[in-house]
Amino acid sequence: MSPRTATALAHPNIALVKYWGKRDAALNLPAVPSLSLTLDGFATTTTVRWGAAADRLVLGGVERGAAELRKVSRVLDLVWGGPGRPAAEVTSENNFPTAAGLASSSSAFAALALAAAAAADQPLDRARLSVIARQGSGSACRSLWGGFVEWRMGERADGNDSHGLPVAPADHWDLRLVVAVVSADKKAVGSTDGMTRTALTCPLFPGFVSSAPADVDQARAAVLARDLHALGAAMERSTNKMHATMIATEPTVRYWKPVSVAVLDAVEAMRASGLACYSTMDAGPNVKVLCAAADAERVAETLRGVPGLLRVEALAPGGDARLVG
Ligand code: DP6
C-alpha cells in the first residue's frame, strides 16, 4: 500500500455541564449527559500517515510510550474498521499546555479520528467519527463540532448512539471564555483514573448522576435563548457538584489550588458588582470564566490582578474540526 497522509485541526472544548463517570469503561460510555463550548485560539493539529512499520505517536516533538499509544491504536483500529490494518505514524502538536485541565485530550482524539479517516479514504460521517473519538477520550466526541455541543448518553449497548450533537454553531452567540492559567503542569490524577475512583468510592456520586440531565436541559435551553444568567447558573451548579464528588472521593481527587480559589472569589466579586460572569473548572487547577464578548476585557483585566496567575486569555467560540492538509 502506498503511504497516505492527511492532517486535521480540532479545537478543544470545555464542558459547561460536566461529564464525570462512565457507565461502560470498555466502550467509554458516560454515566451522564454533558454540554460543551468549543474554543477558538487553542488547537491540536495532527497528521496521520498510514503505512509505517509500526504505530507511532510523536506529540510535541516527543515520541510517546505504550500507554499513550494504546488509545491511539484503538482509534486507528476503529477508523480502519476491518482486518489487515496497516500501521500508522501519528504526529501531533498542541498550541497550548497538554494534560493540564485545558481539555487537550478532547481536541487530540477529534483531530486524530478525522485525519485518520481522511488518510484512509474512509467516508465516515461526523457522528461516526464522534463515536470513534469518544473511545480515545470521552470529551473528544464533542470536539468534532464547533460552538455548543451536547453529548447524549445514548441507549444502545454497542454505544453507537453515544456521540456529540451540535446545539448551536460558534456564531450563534458572541460569548467569551476567559481562561485563567494557574498551572501548566500535567495533572497529578488523570480524568480516567479520577472518575473511576469517584464512581467506586464517592457516596455523593449518585446525586451527581441523577441531577445531571436537568442541568443539560437548562443549559441547552439557555444556549438557544441566549440567556447568560441561566447558562452560567447551570454551569456553576454542574461544576460545583462535580468537584464536590471529586473531593469526597477516596483517596481524594482535589484539583483546586489557592490561586484557583482566589479566581473563584474574584468572579463572585465581579458578579456582585453587576458584571455577568460565571466560573468553571475541570480536572485541573485552571479556572475558565464565561461572559459576554463585550465584558471579556474587563473580566480579563480584573483577573490579571489576581496574584500568582501565569496567564489570562479570552477565547471566542471555535469552529468545527477540519482537514487542513
Ligand atoms: C472534567 O474526556 O478526559 O473535563 O473519557 O476518561 O478520557 P476520558 O475522560 P475525559 O474527561 C473530561 C472530564 C472533564 C469534564 C468534561 O470535559 O466534560
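Refer to the preceding data block for the structure.
Residues numbered from 1 in each chain as written. Predicted model: local features only at pLDDT ≥ 70, side-chain atom pairs only at ≥ 80, totals over all residues. Heavy atoms only, no water.

## A few points about the pattern of salt bridges
Here's step 1: On inspection of all chains with the given rule, the structure shows 20 salt bridges.
Here's step 2: The closest approach of N and O atoms between Arg220 and Glu150, which form a salt bridge, is 2.7 Å. Residue Arg220 is located in helix H5 (residues 205–225), and its partner Glu150 is located in strand E10 (residues 148–151); the two are separated by 70 residues in the primary sequence.
Here's step 3: The exposure class assigned to Arg220 is partly exposed, which follows from its relative accessible area of 22%.
Here's step 4: In this structure, Arg304 and Glu297 form a salt bridge, with 3.2 Å as the shortest nitrogen-oxygen distance.
Here's step 5: It is possible to trace a salt-bridge network through shared partners that takes in Arg49, Arg56, Glu63 and Glu89. (Salt bridge = Lys/Arg side-chain N within 4 Å of Asp/Glu carboxyl O. Helix = DSSP H or I, 4+ residues; strand = E, 2+ residues; numbered from the N terminus. Buried < 20%, exposed > 50% of the residue type's maximum accessible area, 1.4 Å probe, protein only.)

## Brief notes about unusual backbone geometry
Here's step 1: Of note, the bond from Glu250 into Pro251 is cis; its omega dihedral lies within 30 degrees of zero at -15°.
Here's step 2: For Pro251, the location among the structural elements is in the loop between helix H6 (228–247) and helix H7 (258–272).
Here's step 3: One non-glycine residue with positive phi stands out, namely Asn28, at about 55°.
Here's step 4: Note that Asn28 resides in the loop between strand E3 (22–24) and strand E4 (29–30).
Here's step 5: The phi dihedral of Arg226 falls on the positive side, at around 50°, and the residue is not glycine.
Here's step 6: With respect to the helices and strands, the residue Arg226 is situated in the loop between H5 and H6.

## Structural notes on the sheet that holds strand E7 (residues 56–59)
Here's step 1: Taken together, the 6 strands give an open sheet; going across it, the order is E8-E7-E9-E6-E1-E16, and neighbouring strands pair in mixed fashion. On the outer flanks of this sheet lie strand E8 (62–63) and strand E16 (322–323), each paired with one strand and no other.
Here's step 2: Pairing of E7 with strand E9 (residues 87–94), which is carried by 4 bridges, proceeds in the parallel orientation. Each bridged residue has a counterpart across the sheet, and for Leu59 the counterpart in E9 is Ser92.
Here's step 3: Relative to the sheet, helix H1 (residues 66–80) contacts strand E6 (44–52), E7 and E9, its axis offset from that of E7 by approximately 120°. (Pairing = 2+ DSSP bridges. Contact = heavy atoms within 4.5 Å. Axes fitted to C-alpha atoms, helices over the stretch in contact; angles between N-to-C directions.)

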